[in-house]
Amino acid sequence: MSDAEGGCAQSRTTVTEAEVEALVRGICFKTGPPRRLGVEVEWLVHELRDPRLPLTSERLTAAYAAVRSVPLRSALTVEPGGQLELSSPPAASLMECVATVSADLDAVRAVLHRDGLGLAGLGHEPWRTPGRFLREPRYDAMEACLDRGGPAGRAMMRASASVQVCLDAGYEEPGPLGHVRRWWLAHQLGAVLVAVFANSPLADGRPTGWLSTRQLRWEQIGTGRAGGPVLDADPRAAWARHVLDSPVMCVRDDGGPWLVPRELTFREWIRSGTPRPPTREDLDYHATTLFPPVRPRGHLELRMIDAQPGDDGWIVPLAVTTALFEDPEAAETAYRAVKPLAERAHGVPAPHNALWRDAARVGLADPELREVAGSCFAAALRALPRLGATPGVVDAVEAYRDRYVARGRCPADDLLDGLRATAAGHPHPHPHPHPHPHDSSPHGKDTPS
């Protein structure tokens, strides 16, 4: 949601349907040897003295002004509800990415801590939906558009946080690291990642009945805005059709409020030319207003993982996902493990199918998802040393497997346990009542010098 206007093109010439298809095909899937990776970590910002207290806009504004005075290698952005996001620069290795983001997070936390604030790794705000912090035309238009479908859009904008893993699209040729295979794998493995890392079972202080309420919100927003394309043998063609046939969120206007049309697809906008003909810049902007679980932006952006508990909890999904995509042997194992899951989707695009719904609702209580998750973690643990992962990172992944995957649990279960303990008269002051294995682990700093 914090995307800038960059992406597919930067010119004010009008576009035709054929030009849109050519632009999307040529730019949104850039193939070649998988060499780079990155991560975008979103965090809720809470009062250290009591995370249930609301934060005023003035308090957040002052805090972010202080944070921006600190030199960072990652890009710092703010989400509409005041969530903080760090987006790493492209890294040549897993450990380079870990080292960069860990150092930046240490610097950010130190500044916030001086102001009595902290970063909370939760996929969804458990107590309330914050007011909107950002007042910009983009978010005014987004809110107006999403409000037509109900309250889920505001909750997504203001109350959600994630770990987004970014990977190269892959080779042009077939095989475990080919772009067609990686595109397919991302959509099937994505459901497993939802289940394994679900960490948002609460909203307004109560269980929602879903272990990943954040993923529930994306499903509730609907297929046009938050759905993926139909999977077929040509990802480029499928994504180009999806971009053309998805609804336009807004028509930007430098001289006044942005128009928020009703049920106008980009294809229809091209054909009608009203309220004005769309430009290549409009195409670029339109692509940033689509939020599928896997988004091609030259690379693949995996958007389905809830923010994780603990200062370093984000490293585990980054490490596991990287291993399953970048190591050929692990990629082949993951492909074979998730292949039977595709039948449960019944051809319906993610996340609006039964497989993704089960993953978000019950997580690893689903026996098939639990079995596949175990196979994928085993493959990742074998692959990580081959990718140069330090013992600390490998140990963290192994600890996560033993604590959660092997027991059919996820961090959301810890939150629910804490809520039940509080109801029974044993209050816990922190949203994660049990110490997380990452809280005291040094693996976030266990990087090559």
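Residues numbered from 1 in each chain as written. Predicted model: local features only at pLDDT ≥ 70, side-chain atom pairs only at ≥ 80, totals over all residues. Heavy atoms only, no water.

1. Quick look at the overall build of the chain
So, point 1. Across its full length, the chain holds 18 helices and nine strands.
So, point 2. In terms of overall size, the chain behaves like a compact globule, its C-alpha atoms giving a radius of gyration of 21 Å where 449 residues would be expected to give roughly 22 Å.
So, point 3. Taking the principal axes of the C-alpha coordinates as reference, the chain spans close to 60 × 50 × 45 Å.
So, point 4. When each of the 449 residues of the chain is scored for burial, the buried share is 61%.
So, point 5. The contacts of the chain with a sequence gap of at least 6 include a subset with a gap of at least 24, amounting to 76%.
So, point 6. Total accessible area on the chain is roughly 17100 Å²; 53% of this is exposed by carbon and sulfur atoms.
So, point 7. Across the chain, the centroid of the 50 positively charged side chains sits 2 Å from that of the 57 negatively charged ones. (Helix = DSSP H or I, 4+ residues; strand = E, 2+ residues; numbered from the N terminus. Rg over C-alpha atoms; globule rule 2.2 N^0.38 Å. Buried < 20%, exposed > 50% of the residue type's maximum accessible area, 1.4 Å probe, protein only. Contact = heavy atoms within 4.5 Å. Areas by Shrake-Rupley, 256 points an atom, 1.4 Å probe, with all protein chains shown as cover. Lys, Arg positive; Asp, Glu negative; His and termini not counted. Charge placed at Lys NZ, Arg CZ, Asp CG, Glu CD.)

2. Observations concerning unusual backbone geometry
So, point 1. Residue proline 275 is reached from threonine 274 by a cis peptide bond, and omega for that bond is 5 degrees.
So, point 2. Position of proline 275 relative to the elements: it lies in the loop between helix 10 (266-272) and helix 11 (280-288).
So, point 3. Here the amide bond leading from alanine 350 into proline 351 is cis, since omega sits at 0 degrees, within 30 degrees of zero.
So, point 4. Despite not being glycine, aspartate 204 shows a phi value in the positive range, around 55 degrees.
So, point 5. Relative to the assigned elements, aspartate 204 resides in the loop between strand 6 (202-203) and strand 7 (206-207).

3. Side note on the packing of helix 12 (residues 315-326) against helix 16 (residues 367-383)
So, point 1. Contact pair helix 12 / helix 16: the axes reach a minimum separation of 9 Å and the direction vectors enclose 80 degrees. What the angle tells us is that helix 12 and helix 16 run roughly perpendicular. Residues Val320, Ala323 and Leu324 of helix 12 touch helix 16, and the partners they reach there are Cys376, Phe377, Ala379, Ala380 and Ala383.
So, point 2. Residue composition of the contact of helix 12 with helix 16, grouped by class: eight nonpolar, no polar and no charged. (Axes fitted to C-alpha atoms, helices over the stretch in contact; angles between N-to-C directions. Parallel < 35°, antiparallel > 145°, perpendicular 65-115°, else oblique. Nonpolar A, V, L, I, M, F, W, Y, C, P; charged D, E, K, R; others polar.)

4. Observations concerning the packing of aromatic side chains
So, point 1. Under the definition given, this model contains ten aromatic pairs.
So, point 2. With a centroid separation of 5.1 Å and an interplanar angle of 75 degrees, the aromatic rings of phenylalanine 29 and tryptophan 183 are classed as edge-to-face. Residue phenylalanine 29 is found in the loop between helix 1 (17-27) and strand 1 (37-47), and its partner tryptophan 183 is found in helix 6 (residues 179-196); the two are separated by 154 residues along the sequence. The residues phenylalanine 29 and tryptophan 183 share a single accessibility class, namely buried.
So, point 3. When the centroid spacing of 6.3 Å and the interplanar angle of 40 degrees are considered together, the rings of phenylalanine 197 and phenylalanine 377 count as tilted. Placement of the pair is phenylalanine 197 in the loop between helix 6 and strand 6 and phenylalanine 377 in helix 16, with a sequence separation of 180 residues.
So, point 4. Overall, phenylalanine 197 belongs to the buried group, its relative accessible area being 0%.
So, point 5. Overall, phenylalanine 377 belongs to the buried group, its relative accessible area being 2%.
So, point 6. One aromatic cluster in this structure is built from Phe197, Phe377, Tyr400 and Tyr404.
So, point 7. Its guanidinium or amino end placed over the ring of tryptophan 43, arginine 109 lies 4.9 Å from that ring's centre, counting from NZ or CZ. (Phe/Tyr/Trp six-rings, centres within 6.5 Å; stacked < 30°, edge-to-face > 60°. Lys NZ or Arg CZ within 6 Å of the ring centre and 35° of its normal.)

5. As for the pairing of strand 4 (residues 117-120)
So, point 1. Covered by surrounding structure in strand 4 are Leu117 and Leu119 together with Gly118 and Ala120, the residues of both alternating faces.
So, point 2. One ladder, built from four bridges, connects strand 1 with strand 4; its direction is antiparallel. In the sheet register, leucine 44 faces strand 4, and the bridge partner there is alanine 120. (Pairing = 2+ DSSP bridges.)

6. Topic: the packing of helix 1 against helix 9 (residues 235-245)
So, point 1. Between helix 1 and helix 9, the shortest axis-to-axis distance is 9 Å and the interhelical angle comes to 130 degrees. Taken as axis vectors, helix 1 and helix 9 run oblique relative to one another. With respect to the hand of their crossing, helix 1 and helix 9 are arranged in right-handed fashion. Listed contacts from helix 9 to Glu17, Val20, Glu21, Val24 and Arg25 of helix 1 are Arg236, Ala237, Trp239, Ala240, Val243 and Leu244.
So, point 2. Among the residues making up the contact of helix 1 with helix 9, the classes are represented as seven nonpolar, no polar and four charged. (Left-handed = near helix turned anticlockwise from the far one by under 90°.)

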